[in-house]
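# Residue-level structural notes
Here is how the chains run, residue by residue.
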Amino acid sequence: MLKENYDEVVKKVEEACKRVGRDPKEVTVIAVSKTKPLSNVVELQQHGVMDFGENKVQELCSKYEEIEKPVRWHLIGHLQTNKVKYIVDKVELIHSVDSLKLAKQISKEAIKKNVTIPILIQVNVAHEESKFGLDQEAVTEFILEVSKLPNVHINGLMTIAPFVDDPEDNRKYFRELKQLFVDIDSKNFDNVDMSVLSMGMTNDYEVAIEEGATMIRVGTAIFGARNYNI
């Protein structure tokens, strides 16, 4: 069932791209495997899926250690500074950098491990108090500061849009983030490569793609509902 679910998401990605004249190859589907067993990841891996998202460091590390063949792990949840050391050499991309303190810690640990970490800057486009992320107005200056840090490379922006009944309600937020993405890209900052726009989840990823998402984070539509009691 997982493979069929994943293929259905890919089909909808292709349809969304077609509607706006985009190449589906521009969009990466990140299968959000949080709270799901490693066997689910392996099943999809055997189907050719390589990009998986985790919210929690401990769960990511556990799956990283246990999986036989490597996949590309994305840390998509809020990252605490004291957990950075556990994942800097394990992740493909950190999606959720939203403070200078965190960025400096990532840089520090990356230097120790002799790696360069690609990161995304998390933006709270809808100004939701319950969500992490920077206000749009603060992003450009923040990026200038972070871009000076060694062993950290800014690859783009990420947002978590509000959970809404009608995906169209989030279109304005996706459009705002895309505009910010374009504006920053035009400034040609050193050590900043605006190539990744991570936005859209199970309930609104088609709208996100229509507005320019290059990465979507899809959990429920692939794995089914989550069990948070484990």
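Everything that follows concerns the structure shown earlier in this document.
This section reports on the structure supplied with the text. (Residues numbered from 1 in each chain as written. Predicted model: local features only at pLDDT ≥ 70, side-chain atom pairs only at ≥ 80, totals over all residues. Heavy atoms only, no water.)

## Considerations on a negative patch on the surface
As a reminder, the rule being used: Any residue with relative accessible area above 30% and no salt bridge may belong to a patch, with like charges joined within 9 Å and the nonpolar Val, Leu, Ile, Met, Phe, Trp and Tyr side chains within 5 Å. Surface accessibility in these figures is a Shrake-Rupley result with a 1.4 Å probe; residues are shielded only by whichever protein chains are displayed. Any carboxyl oxygen of Asp or Glu that lies within 4 Å of a side-chain nitrogen of Lys or Arg is treated as forming a salt bridge with it. When charges are tallied, Lys and Arg are placed among the positive residues and Asp and Glu among the negative ones, while His and the ends of the chain are skipped. Charge coordinates come from a single atom per side chain, which is NZ of Lys, CZ of Arg, CG of Asp or CD of Glu. Secondary structure is summarised from DSSP: a helix means a run of H or I of at least four residues, a strand means a run of E of at least two, and numbering begins at the N terminus for each.
A contiguous patch of negative charge on the surface is contributed by Glu4, Asp7, Glu8, Glu14 and Glu15. By secondary structure assignment, the location of glutamate 8 is in helix H1 (residues 2-20).

## A closer look at the nonpolar core
In plain terms, the rule: To define a nonpolar core, start from buried Ala, Val, Leu, Ile, Met, Phe, Trp, Tyr and Cys residues and group those joined through side-chain atoms within 4.5 Å. The classification of residues rests on relative accessible area computed with a 1.4 Å probe and restricted to protein chains. Under 20% of the type maximum is buried, over 50% is exposed, and intermediate values are partly exposed. Only heavy atoms matter for contacts: two residues are in contact if any of them lie within 4.5 Å across the pair.
Counting residues in hydrophobic clusters, the biggest one holds 68 residues, and the most contacted among them are Ile106, Ile119, Ile143, Leu157 and Ile216. Isoleucine 216 has contacts with Val9, Val13, Val27, Thr28, Val29, Ile30, Met199, Gly200, Tyr205 and Ile209, leaving out every residue within four places of it along the chain. Counting residues in hydrophobic clusters, the runner-up holds six residues, among them Leu93, Met158, Val196 and Met215.

## Regarding the pairing of strand E5 (residues 117-122)
Where a strand is regular, its side chains alternate between the two sheet faces. Stated precisely, the cut-off is as follows: Pairing between two strands is assigned when DSSP locates at least 2 bridges connecting them. We call a crossover right-handed when, viewed with both strands directed away from the observer, the connection leading from the first strand over the helix to the second proceeds clockwise.
Summarising burial for E5: five of the six residues are buried, a large majority. As judged from the two bridges shared by strand E4 (residues 93-97) and E5, these two strands associate in the parallel manner. Considered in E5, the bridge of valine 97 is made with isoleucine 121. In this view, the connection linking E4 to its parallel neighbour E5 by way of helix H5 (residues 100-113) has right-handed handedness. When E5 meets strand E6 (residues 152-158), the two strands line up parallel, connected through six bridges. Looking at the pairing, proline 118 lines up with histidine 153 of E6. Note on the crossover from E5 through helix H6 (residues 136-146) to E6: the handedness is right-handed.

## A closer look at the packing of H6 against helix H7 (residues 171-186)
To describe two helices that pack against each other, one gives the angle between their axes and the distance between the axes. Under the convention used in this document: Axes, fitted as lines to C-alpha atoms, cover a helix only where it is in contact. Angles between the N-to-C directions of the axes lie from 0 to 180 degrees. Angular relationships are summarised with four words: roughly parallel below 35 degrees, roughly antiparallel beyond 145, roughly perpendicular across 65 to 115, and oblique for the angles in between. Two helices that cross are described as forming a left-handed crossing if the nearer one is turned anticlockwise from the farther one by less than a right angle, and a right-handed crossing if clockwise. Any residue outside Ala, Val, Leu, Ile, Met, Phe, Trp, Tyr, Cys, Pro, Asp, Glu, Lys and Arg is labelled polar, Gly included; the first ten of those are nonpolar and the last four are charged.
At their nearest, the axes of H6 and H7 sit 11 Å apart, and the two run at 30 degrees to each other. It follows that H6 is roughly parallel to H7 by the angle criterion. In this structure, H6 meets H7 at a crossing whose hand is right-handed. For the pair formed by H6 and H7, the contact residues are Gln136, Val139, Thr140 and Ile143 on the first element and Glu176, Leu180 and Ile184 on the second. Class assignment of the residues belonging to the contact of H6 with H7 gives a composition of four nonpolar, two polar and one charged.

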